[in-house]
Amino acid sequence: YFFRLLEILREDFPSIVTVIGDGRFHNLITDYIWKYPPDNPSVQHLGACLPSFLEENKIDEAYPWLPDLARFELERNDMIVAADALLLDGTRLVTIPPESWALLKFKPVHALKLLDLSYPAHLVWEAVHNEEEPPTLEKKPTTLAIWRREFYVFHCELNAGEALAIRKLCNGASFGELCELFQKEGSDDINEAAQTILSYLTGWLKNGWLSDFSISQ
């Protein structure tokens, strides 16, 4: 039974296996299963506590970013089973009168997650995925967007402005509220702020992050 669980976690966290080696991963999971034995017939969330376990048990001072790498791989795995949603067709926005744009609110797809990390651990995942030597990471607050489109999971790093904008949008902010926020954040011109939000919006539509919109009253 243990070896079945080990194999599942090996498939869920392949980058960690590559970084620390199969033998050390075996020992890590032995300790992990001892502390967090499965309490659900489904193995979907078997590795849910692994990031916390790695925080509590530093297995190698050379890899302080392992908990973040585990968080990243965990979120990518969760995207596979996230609910599907129809994507917003950007051409629908052409019909919105200019005076109504400030009241626009957008609905994000279910298969979109914002992940805050202390290290850019996704760079290790990318190196392993491309069969390259993992880079040396310095501590750096990092916000990632992770999403699924059809059968493929994607991710990208967000700058501070875009991370703030998409987070506010997901919390229900209107287009006008986003523009006002960005005007306060450093742009003296509301039109300049609107152009910034529009550029983000174009990318979000292209990536398939939005499913619908409404005009608040």
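Draft legend 1. Representation of a nonpolar patch on the surface in the model. A grouping of Phe151, Tyr152 and Phe154 is seen on the molecular surface, where their side chains present a nonpolar patch of about 420 Å² in accessible area. Position of Tyr152 among the secondary structure elements: in strand β4 (residues 152-158).

Draft legend 2. Representation of the sheet that holds β4 in the model. Strand order in this open sheet of 3 strands is β2-β3-β4, and the pairing throughout is antiparallel. Either end of the sheet is taken by a strand with one partner, and the two such strands are β2 (112-117) and β4. Adjacent strand axes in the sheet meet at a mean angle of 25 degrees when their direction is disregarded. Pairing of β2 with strand β3 (residues 142-149), which is carried by 6 bridges, proceeds in the antiparallel orientation. Its bridge partner being in β3, Leu112 is matched across the sheet by Trp147.

Draft legend 3. Main features of the nonpolar core. Residues Leu9, Phe13, Ile16, Phe25, Ile29, Trp65 and Leu69 are the most contacted members of the largest nonpolar core, which totals 38 residues. For this core, the secondary structure elements donating two or more residues are α1 (2-12), α2 (14-20), α3 (22-35), α4 (50-56), α5 (66-80), β2, α6 (122-129) and β3. Of all the elements, α5 adds the most residues to this core, at 6 residues. Not counting residues up to four positions away in its chain, the partners in contact with Trp65 are Val19, Tyr119, Ala121, Val124 and Leu137. In terms of nonpolar packing, the next biggest core, distinct from the first, is built from 30 residues, Ile96, Phe106, Leu112 and Cys179 among them.

Draft legend 4. View of the packing of α1 against α3. Two elements in contact, α1 and α3, have axes separated by 10 Å at closest approach and are oriented at 115 degrees. At the point where α1 passes α3, the crossing takes the right-handed sense. Only Asp22, Phe25, His26, Ile29, Thr30, Tyr32 and Ile33 of α3 make contact with α1, whose side of the interface consists of Phe2, Phe3, Leu5, Leu6, Leu9 and Arg10. Within the contact of α1 with α3, the residues separate by chemical class into 9 nonpolar, 2 polar and 2 charged.

Draft legend 5. Representation of the packing of aromatic side chains within the structure. All told, the structure shown has 13 aromatic pairs when counted by the stated rule. Ring geometry for Tyr32 and Phe53: centres 5.6 Å apart, planes at 70 degrees, overall edge-to-face. Here Tyr32, found in helix α3, pairs with Phe53, found in helix α4; they are 21 residues apart in sequence, far enough to count as distant. Across this residue pair, the class does not change: Tyr32 and Phe53 are buried. A connected cluster of aromatic rings, assembled from ring pairs, spans Trp147, Phe154, Phe182, Tyr200, Trp204 and Trp209.

Draft legend 6. Highlighting the environment of Leu117. Tracing the chain through its elements places Leu117 in strand β2. Leu117 gets classed as buried once you look at its relative accessible area, which sits at 5%.

Draft legend 7. Focus on the side chain of His155. Within the secondary structure layout, His155 lies in strand β4. A distance of 3.1 Å separates polar atoms of two side chains, one belonging to His155 and the other to Arg76. Non-local contacts of His155, meaning those with residues more than four positions away in its chain, are made with Phe72, Arg76, His122, Trp125, Glu126, Ala145, Ile146 and Trp147.

Draft legend 8. Up close: the pairing of β3. Of all 8 residues making up β3, 7 are buried, and the element is well covered by its neighbours. Sheet analysis places β3 next to β4, joined by 7 bridges and oriented antiparallel. Looking across to β4, one finds that Trp147 is bridged to Phe154. Between β3 and β4, which follow one another and run antiparallel, lie 2 residues, and Glu150 among them has a positive phi close to 60 degrees.

Calculation rules
- Sequence order as written defines residue numbering, which begins from 1 separately in each chain.
- Residue-level local features of this predicted model are given only where pLDDT is at least 70; pairs of side-chain atoms are given and counted only at 80 or more, and the full residue set underlies all totals for whole chains, interfaces and linings.
- Excluding hydrogens and water, the side-chain figures rest on all heavy atoms present in the structure.
- Only residues whose relative accessible area exceeds 30% and that form no salt bridge are eligible for patches; like-charged ones are grouped when within 9 Å, while nonpolar side chains (Val, Leu, Ile, Met, Phe, Trp, Tyr) are grouped when within 5 Å.
- Surface accessibility follows the Shrake-Rupley procedure with a 1.4 Å probe radius. Residue values consider only the protein chains on display as shielding.
- For salt bridges, the criterion is a side-chain nitrogen of Lys or Arg within 4 Å of an Asp or Glu carboxyl oxygen.
- A run of H or I in DSSP counts as a helix once it spans at least four residues, and a run of E counts as a strand once it spans at least two, with each numbered from the N terminus.
- The pairing criterion is simple: DSSP has to find at least two bridges between the two strands.
- In this description, a line fitted to the C-alpha atoms serves as the axis of each element, helices being fitted only across the stretch in contact, and the angle between N-to-C directions of two axes falls anywhere from 0 to 180 degrees.
- We call a set of buried residues a nonpolar core when its members are Ala, Val, Leu, Ile, Met, Phe, Trp, Tyr or Cys and they connect through side-chain atoms within 4.5 Å of each other.
- Partly exposed residues are those whose accessible area sits between 20% and 50% of the maximum for their type, while under 20% is buried and over 50% is exposed, using a 1.4 Å probe and protein chains only.
- In what follows, a contact means two residues having at least one pair of non-hydrogen atoms within 4.5 Å.
- With the far helix as reference, a near helix turned anticlockwise by less than a right angle produces a left-handed crossing, and one turned clockwise produces a right-handed crossing.
- The classification used treats Ala, Val, Leu, Ile, Met, Phe, Trp, Tyr, Cys and Pro as nonpolar, Asp, Glu, Lys and Arg as charged, and all other residues, Gly among them, as polar.
- Classification of ring pairs rests on two measures: the distance between centres of Phe, Tyr or Trp rings, Trp counted by its six-membered ring, which must be within 6.5 Å, and the angle between planes, read as stacked under 30 degrees, edge-to-face over 60 and tilted in between.
- For the purposes of these results, a polar contact is taken to be a pair of N or O atoms within 3.5 Å, where, inside protein, one atom must be able to donate a hydrogen and its partner to accept one; residues adjacent in sequence count only when each atom of the pair is a side-chain atom.

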